[in-house]
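Here is how the chains run, residue by residue.
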Amino acid sequence: MKRLLILVLLFSQVYAQKKVELPRRPGAASNTVYILDAPFKPGDTVLLSGDYLWIQIKGIKGTAEKPIVFKPKGKVTIGGYASYTLNLYGEHFKVLGGGKLVIGHPTVFAMGINLGTSHHVEIAGLEMYNVTTGIQQNPTGTELIEGCYYHDLYIHDMQNPPHKGRAEAFYIGKTSPGGCYFKDLRIENNRIENVSGDGIQVSGGTFTIRNNKVRNYGMSDLEQQNNGILVGGNATAIISGNEVSGGTGPALQVLGRG
């Protein structure tokens, strides 16, 4: 009887962690996703498929033991909406592109991935191009944001014509005093090329910036927006193994302390 009960419990756990298709909006908006309270369960794998104009999902709630994982089913592209591209808000989730997820549009410039106050997030293995920001996480408020890991991304050919080229592959934290504080945020093994503004900008927290390649940055040659790697105010960073070349401004600028 005990053995049967154990088998039933194991079956229940496996069944609870399932693959689900990302639900699209009906009708003419079927290439968009807007979810206010994500229905996914801890451990679920959420499959993206085909082309999307934009995706916005709030209330993602995985756990440390069972994060929610977003993955492409075949090749997937997201882009074409002028305001944003992929907004994900919540905790304990991953976006694993596997080399098959592309964010951007040939003629429409918009933010790439916006994460707000999301924590315990992993973003890996995807491509972004022609976006105004690659990964943006600079919310208002005073939350502590922990456990974010952004790695093995290819971010390239970034522009921001409406703002004279102020594009950034990573825009993490507020450059002004106050705001959220990031603890142990990691940016590793990314390839960043042909960016009109900064390659990597972080502020307000503790960071690891390791083994990234930043090439041809600050192409608009804007004052204070032409850094390969910028560590802004109220920040401490471990910076190692990076290759920075071909820019119009400093390869590394550190304004924080610690």
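Before reading further, recall that the structure is shown in the block above.
Since this is a predicted model, take the numbers as computed values, not measurements.

Asker: Before we move on, can you summarise the pattern of salt bridges with the specific residues and values?
Answerer: Inspection of every chain in the model, using the stated rule, returns eight salt bridges. Between Arg 215 and Glu 193 there is a salt bridge, with its nearest N and O atoms 3.5 Å apart. With Arg 215 in strand 20 (residues 213-215) and Glu 193 in strand 17 (residues 191-195), this pair connects stretches of sequence that are 22 residues apart. Judged by relative accessible area, Arg 215 falls into the partly exposed class, the value being 37%. Judged by relative accessible area, which is 10%, Glu 193 ranks as buried. Each member of the salt-bridge network shares a partner with another, and the members are Arg 186, Glu 188 and Arg 210.

Asker: Give me the environment of Asn 114: which residues, what numbers.
Answerer: With respect to the helices, strands and loops of the structure, Asn 114 is situated in strand 8 (residues 113-114). Separated by 26 residues in the primary sequence, Asn 114 and Leu 88 have C-alpha atoms spaced 6.5 Å apart. At 3.1 Å, the side chain of Asn 114 and the backbone nitrogen of Gly 116 are in polar contact.

Asker: Explain the nonpolar core to me, and be specific about the residues and the numbers.
Answerer: Proteins that are soluble and globular tend to have nonpolar side chains buried together. Residues Ile 57, Tyr 150 and Phe 170 are the most contacted members of the largest nonpolar core, which totals 55 residues. If we ignore the near neighbours within four places in the chain, the residues touching Phe 170 are Ile 135, Tyr 150, Leu 153, Ile 155, Ile 187, Asn 190, Ile 192, Gly 199, Ile 200 and Gln 201.

Asker: So what's going on with empty space enclosed by the protein? Which residues, and what values?
Answerer: If you roll a probe as big as a water molecule over the atoms, it shows you where there is empty space left. Using the criterion set out here, one finds two cavities of 30 Å³ or more in the structure. Taken as a whole, the largest cavity holds about 60 Å³ of empty space. Taken together, Leu 22, Leu 48, Ile 55, Ile 57, Phe 70, Leu 86, Leu 88, Val 95 and Leu 101 make up the lining of the largest cavity. At the level of secondary structure, the elements contributing two or more residues to the lining of the largest cavity comprise strand 4 (54-61) and strand 6 (86-96). Among the elements that line the lining of the largest cavity, the one with the most residues is strand 6, at three residues. Classifying every residue of the lining of the largest cavity by side-chain character gives nine nonpolar, no polar and no charged.

Here is what the cut-offs are and how they apply
Residues numbered from 1 in each chain as written. Predicted model: local features only at pLDDT ≥ 70, side-chain atom pairs only at ≥ 80, totals over all residues. Heavy atoms only, no water. Salt bridge = Lys/Arg side-chain N within 4 Å of Asp/Glu carboxyl O. Helix = DSSP H or I, 4+ residues; strand = E, 2+ residues; numbered from the N terminus. Buried < 20%, exposed > 50% of the residue type's maximum accessible area, 1.4 Å probe, protein only. Polar contact = N/O pair within 3.5 Å; in protein donor to acceptor, adjacent residues only side chain to side chain. Core = buried A, V, L, I, M, F, W, Y, C linked by side-chain atoms within 4.5 Å. Contact = heavy atoms within 4.5 Å. 1 Å grid on protein atoms, 1.4 Å probe; cavity = no way out; pocket = protein on both sides within 12 Å on 5 of 7 lines; lining within 4 Å. Points joined across faces, edges and corners; volume = space filled by probe spheres on them. Nonpolar A, V, L, I, M, F, W, Y, C, P; charged D, E, K, R; others polar.

Treat this as a map of the structure, not an account of what it does.
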